Amino acid sequence: AVPFLIRLFPSVLTKFVFLNFLAFPFFVDFRRPELLVNNTISLSLTTEPGVTVGIWHTVPSSRGAEAWGKDRRWYEEALADAHPIIIYLHGNGGTR
């Protein structure tokens with residue numbers, strides 16, 4: 001019966017392969033990363049009309065004292081300074 005259901009509903013296979021309907025760890029608000037990771041803020045990036053990607057900007061611990069208590073504007077300006085930026089692409093699980 002399972003192969004028959006997958007043939008009728010191919011999107012079901014995608015859900016079970018990638019498990020993107022599960023948000024792990026459970027009961028965590030990924031829009032508030034400062035509760036999980038120090039020196040981190042949640043931002044969003046519009047890549048094309050109708051597509052918005054959520055991103056976290058984390059400054060290194062060496063700049064932690066400088067970042068303490070700063071707002072979103074400070075983090076956005078920190079992206080433009082001379083320090084290197086590392087982009088980590090975590091996959092397609094739907095969580096960060």
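As a starting point, this report considers the structure included with it. Just so you know, these numbers come straight off a predicted model, no measurement behind them.

1. With respect to the overall build of the chain
Each helix and strand counted, the chain has four helices and two strands in total. Starting at the N terminus and ending at the C terminus, the chain contains elements arranged as α-α-β-β-α-α. Within the span of the chain, comprising 96 residues, buried residues form 17% of the whole. Contacts in the chain between residues far apart in sequence, at least 24 positions, make up 32% of those at least 6 positions apart. Accessible surface computed for the chain: about 8,100 Å², of which carbon and sulfur atoms make up 63%.

2. Some words on the pairing of strand E1 (residues 40–48)
Bridge analysis of E1 against strand E2 (residues 51–58) gives eight bridges, and the strand direction is antiparallel. Bridging across to E2, leucine 45 finds its partner in valine 53. Between E1 and E2, which pair antiparallel and follow one another directly, the connecting turn spans two residues, one of which, glycine 50, has a positive phi of 85°.

3. Looking at the nonpolar core
Of all hydrophobic cores here, the largest spans seven residues; its members are Ile41, Leu43, Val59, Ala67, Trp74, Tyr75 and Ala78. Within the residue set of this core, elements represented by two or more residues are E1 and helix H4 (72–78). Examining the composition of this core, we find that three residues originate from one element, H4, more than from any other. When residues no more than four places from it in sequence are discounted, the contact partners of leucine 43 are Val53, Gly54, Ile55, His57, Arg72, Glu76 and Leu79.

4. What to know about the packing of aromatic side chains
A full pass over the atoms with the stated rule returns one aromatic pair. Between tryptophan 74 and tyrosine 75 the ring centres are 5.1 Å apart and the planes differ by 85°, which places this aromatic pair in the edge-to-face class. Of the two residues, tryptophan 74 and tyrosine 75, both sit in the buried class.

5. As for the side chain of histidine 57
Inspection of the secondary structure puts histidine 57 in strand E2. At 3.3 Å, the side chain of histidine 57 and the backbone oxygen of tyrosine 75 are in polar contact. Ignoring anything within four residues of it in the chain, the contact list for histidine 57 reads Asn39, Thr40, Ile41, Leu43, Tyr75, Ala78 and Leu79.

6. Things to note about the layout of surface pockets
The calculated volume of the largest pocket comes to roughly 790 Å³. Lining the largest pocket are 22 residues, and of these Trp56, His57, Ile86, Ile87 and Tyr88 lie nearest its centre. Ranked by residues supplied to the lining of the largest pocket, first place goes to E2 with five residues. For the lining of the largest pocket, a count of residues per class yields 13 nonpolar, six polar and three charged. Forming the walls of the second largest pocket are Glu34, Val37, Asn38, Asn39, Thr40, Ile41, Ala67, Trp68, Gly69, Lys70 and Tyr75.

Definitions and cut-offs
- Residues numbered from 1 in each chain as written.
- Predicted model: local features only at pLDDT ≥ 70, side-chain atom pairs only at ≥ 80, totals over all residues.
- Heavy atoms only, no water.
- Helix = DSSP H or I, 4+ residues; strand = E, 2+ residues; numbered from the N terminus.
- Buried < 20%, exposed > 50% of the residue type's maximum accessible area, 1.4 Å probe, protein only.
- Contact = heavy atoms within 4.5 Å.
- Areas by Shrake-Rupley, 256 points an atom, 1.4 Å probe, with all protein chains shown as cover.
- Pairing = 2+ DSSP bridges.
- Core = buried A, V, L, I, M, F, W, Y, C linked by side-chain atoms within 4.5 Å.
- Phe/Tyr/Trp six-rings, centres within 6.5 Å; stacked < 30°, edge-to-face > 60°.
- Polar contact = N/O pair within 3.5 Å; in protein donor to acceptor, adjacent residues only side chain to side chain.
- 1 Å grid on protein atoms, 1.4 Å probe; cavity = no way out; pocket = protein on both sides within 12 Å on 5 of 7 lines; lining within 4 Å.
- Points joined across faces, edges and corners; volume = space filled by probe spheres on them.
- Nonpolar A, V, L, I, M, F, W, Y, C, P; charged D, E, K, R; others polar.

Without other data, these values stay purely geometric and don't point to any function.
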